[in-house]
Amino acid sequence: MNHLTRRDALAAEAAPAPSTRPGGGEPDAPLTAREQAVFTLLSGHPGRLYARADILERVWGLEFGGDERVVDAYVNRVRRKLEGRSDLRIETVRGAGYRCVPADDGPGADPLPVGATRLLELVGEYGTSPAGILRALLDSVGSVPGVGGVALLRGQPGAAQVVAAVGSCPVSWPPLPVPAADASAWVAAGPAPDGIRVAGGVPALLLPLPTAAGSRLALAFAGRPGAVWEADTRALLCALARPAVGALRRALEAQAEREAHRLLSEQVQALEARALKARQDSGALLALTHLLEDARSVPEILNVSLPVLAELAGTDACAAWFPRPGGPAGAALHRTGLPVGTPDWSGSPALPGDLTVEIGEQTLTLRPFGTHGTAGSAAREASLLLPVAARCVALALTQTTLLRALERSALTDEYTGLGNRQAFLADLHAEVAFSARHGARFAVALVDLGNIRYLNATSGYAGGNDLISRLARTLQGVTRAEDRAYRLNGATFALLLRLPPDPGGAVRGWQDRLGAALTQLRQSAPVPLDLQTSLVVCPQDAASTSELLRLALRHLSPASLPDAADQSPESRWPAHDG
């Protein structure tokens, strides 16, 4: 493959391109197209060093796959053809590459010192970093007495910044002097600012470096303490520094390029990480909305939302509680969904990371916290979607709270607080179905105040309502925890009573309690009361909802006093066999 590439490269020179000699006039041996391209590249930037790889890339192109030594052959041929006929010559820098320099030093030009060639060799040995070039420069000026170190300075307000330094150099430098002319001309022509003295009596010489506009750089030679520099020391140091200026400039450009690439890579990684986190947070928020759709109570909502809120907050866990007494119970869950024990924060002051959401008349406090650190501490950055997730939780809790309130108002008698007719019919259907499936027994009892209209006419509606409230409290007082009481209409009440397999004793005991309570109510009433009661048992008396209600209404009869229990409806109940 390399043989074919070299053959193609040589074939491109079969037709030589006419070229004018840089010094003027027609050349005796014209350069080929490839040779002219090499010479044009090098002569276009006199003094600039080009490595073999740079020349191959710019002249042969990126697709060239041959041996880079082909550059040496072309450079030698260009040298032979231009020998004695050009004011520029191609110089070889060992280990670095090629560059164009003046063919002969003109009158009055500073001759290169003996150490200049050695400097170019040392640059190749120490590397192309600013510190490596300064080390090579310091080694090459060993013949100059009293030079202890070399530093590269950047102009900053107040004091110069040390970019790189080798040898014994001061740690701090005064501000760089403002050049009176183009800094690049100072180094090229030789003159430089006068030597200055820094703290401790150390002699130093600042040489401005030609750089891009707006960037002030200087090469500083620092002497040893007590050293005395001769009058020609400045000219000698300027001559020694001249070959290193281009290398330093290219090293700084490469360093700035690497730093820019590093910063760009970090920014790209940060953006990718933020994009990934944004996708994860969006997925967590979407999952939370789906989970909230299936939650039907406040505990269920907290159980599904607290782990997601902890994840979005960047913490290990999240707690929630209602500060007002009487609110729903709080909770604290880990990101994994496991419960976490937390201190009692209900009376603690608000922390910066707390979130509060309004749910009707209640305020829910959400506190992300770390399980291994202090409360409210976040180990990771909180997501911007955290407030959105908190509002979603608040909306779900508000909806659930309102729904429960509507259900309670739809199934509760607003005056007595007992279940209303709709609640009674729903519970009665459920009890009938449960009895049919499991063989359980229950009783339906009715209590009716027959002369409520007479009471309203004689005692007023306030007196009648007061008596209805007292009757409701009386029925609540005689029921057990598993029994339920309802207000069906104005003065008619119903009760659902759970019964054991042998209901006889339970029915008699309940009737005794009811009779005693109704007797007290009659005695304290301002007018005689017409109280009627009935009781039917499922499935002995009836096994359907309609039949139970029909029998209960038909068996309504005046309630008997305890001393006339033998005349009470209890006598209608035979002993059931279970």
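None of the values given here were measured: they were computed from a predicted structure. (Residues numbered from 1 in each chain as written. Predicted model: local features only at pLDDT ≥ 70, side-chain atom pairs only at ≥ 80, totals over all residues. Heavy atoms only, no water.)

**Thoughts on the confidence of the model for the chain**
Consideration 1: Chain-level statistics for the chain give a pLDDT mean of 76 and a share of 78% at 70 or above.
Consideration 2: Per-element mean pLDDT across the chain ranges from 37 in helix H7 (residues 183-189) up to 92 in strand S13 (residues 484-487).
Consideration 3: Below pLDDT 50 for its whole length, residues 105-115 participates in 10 contacts with residues either more than four positions away or in separate chains. (pLDDT = per-residue confidence, 0-100. Helix = DSSP H or I, 4+ residues; strand = E, 2+ residues; numbered from the N terminus. Contact = heavy atoms within 4.5 Å.)

**Describing helix H3 (residues 52-60)**
For an α-helix, 3.6 residues make a turn, and residues three or four places apart therefore share a direction.
Consideration 1: All of the buried residues along H3 are Ile55, Leu56, Val59 and Trp60. One side of H3 holds all its buried residues, which, seen down the axis, span an arc of 100°.
Consideration 2: Phi for Gly61, located one or two positions after H3, is positive at around 100°. (Buried < 20%, exposed > 50% of the residue type's maximum accessible area, 1.4 Å probe, protein only. Arc of directions from axis to C-beta.)

**Examining helix H2 (residues 33-44)**
Consideration 1: Compared with the 16 Å implied by 1.5 Å per residue over 12 residues, the 16 Å span of H2 between its first and last C-alpha is a close match.
Consideration 2: Those residues of H2 that fall on the buried side of the exposure criterion are Arg34, Glu35, Val38, Phe39, Leu41 and Leu42. Take H2 and look down its axis: the buried residues cluster within an arc of 160°, on one side only. (Expected span 1.5 Å × (residues − 1).)

**Things to note about the packing of aromatic side chains**
Consideration 1: For the coordinates displayed, the defined rule picks out 3 aromatic pairs.
Consideration 2: Geometrically, the ring pair formed by Phe424 and Tyr486 is edge-to-face, given 5.3 Å between the ring centres and 65° between the ring planes. With Phe424 in helix H11 (residues 421-438) and Tyr486 in strand S13, this residue pair connects regions lying 62 residues apart in the sequence.
Consideration 3: Take Tyr486: its relative accessible area is 3%, and that puts it in the buried class.
Consideration 4: Three or more aromatic residues link up through ring pairs in this structure, and these residues are Trp60, Phe64 and Tyr74.
Consideration 5: Here the guanidinium or amino end of Arg77 rests over the ring plane of Tyr74, the centre of that ring lying 4.8 Å away. (Phe/Tyr/Trp six-rings, centres within 6.5 Å; stacked < 30°, edge-to-face > 60°. Lys NZ or Arg CZ within 6 Å of the ring centre and 35° of its normal.)

**Section: the nonpolar core**
Consideration 1: Counting 32 residues, the largest nonpolar core has Leu449, Leu471, Leu495, Trp510, Leu529 and Leu535 as the members making the most contacts within it.
Consideration 2: Every element with two or more residues in this core is listed here: strand S12 (441-449), helix H12 (452-478), strand S14 (492-499), helix H13 (503-524) and strand S15 (531-538).
Consideration 3: A per-element tally of this core places H12 first, with 8 residues.
Consideration 4: Setting aside chain neighbours within four positions, we find Leu471 in contact with Val447, Leu449, Phe493, Leu518 and Leu521.
Consideration 5: Grouped together as the second largest cluster of nonpolar side chains are 29 residues, Leu292, Ala295, Ala310 and Cys318 included. (Core = buried A, V, L, I, M, F, W, Y, C linked by side-chain atoms within 4.5 Å.)

**Some remarks on the sheet that holds strand S11 (residues 362-369)**
Consideration 1: Strands sit in the order S9-S8-S11-S10 across an open sheet of 4 strands; the sheet is antiparallel. Only two strands of the sheet have a single neighbouring strand rather than two, namely strand S9 (331-334) and strand S10 (355-359). Looking at each pair of strands side by side, their axes are set apart by 20° on average, direction ignored.
Consideration 2: Alignment of strand S8 (residues 317-321) against S9, held across 4 bridges, turns out to be antiparallel. Directly across from Ala319, in S9, lies its bridge partner Ala332.
Consideration 3: Against the sheet, helix H9 (residues 298-313) makes contact with S8, S9 and S11, and its axis sits at roughly 55° relative to S9, the strand it touches most. (Pairing = 2+ DSSP bridges. Axes fitted to C-alpha atoms, helices over the stretch in contact; angles between N-to-C directions.)

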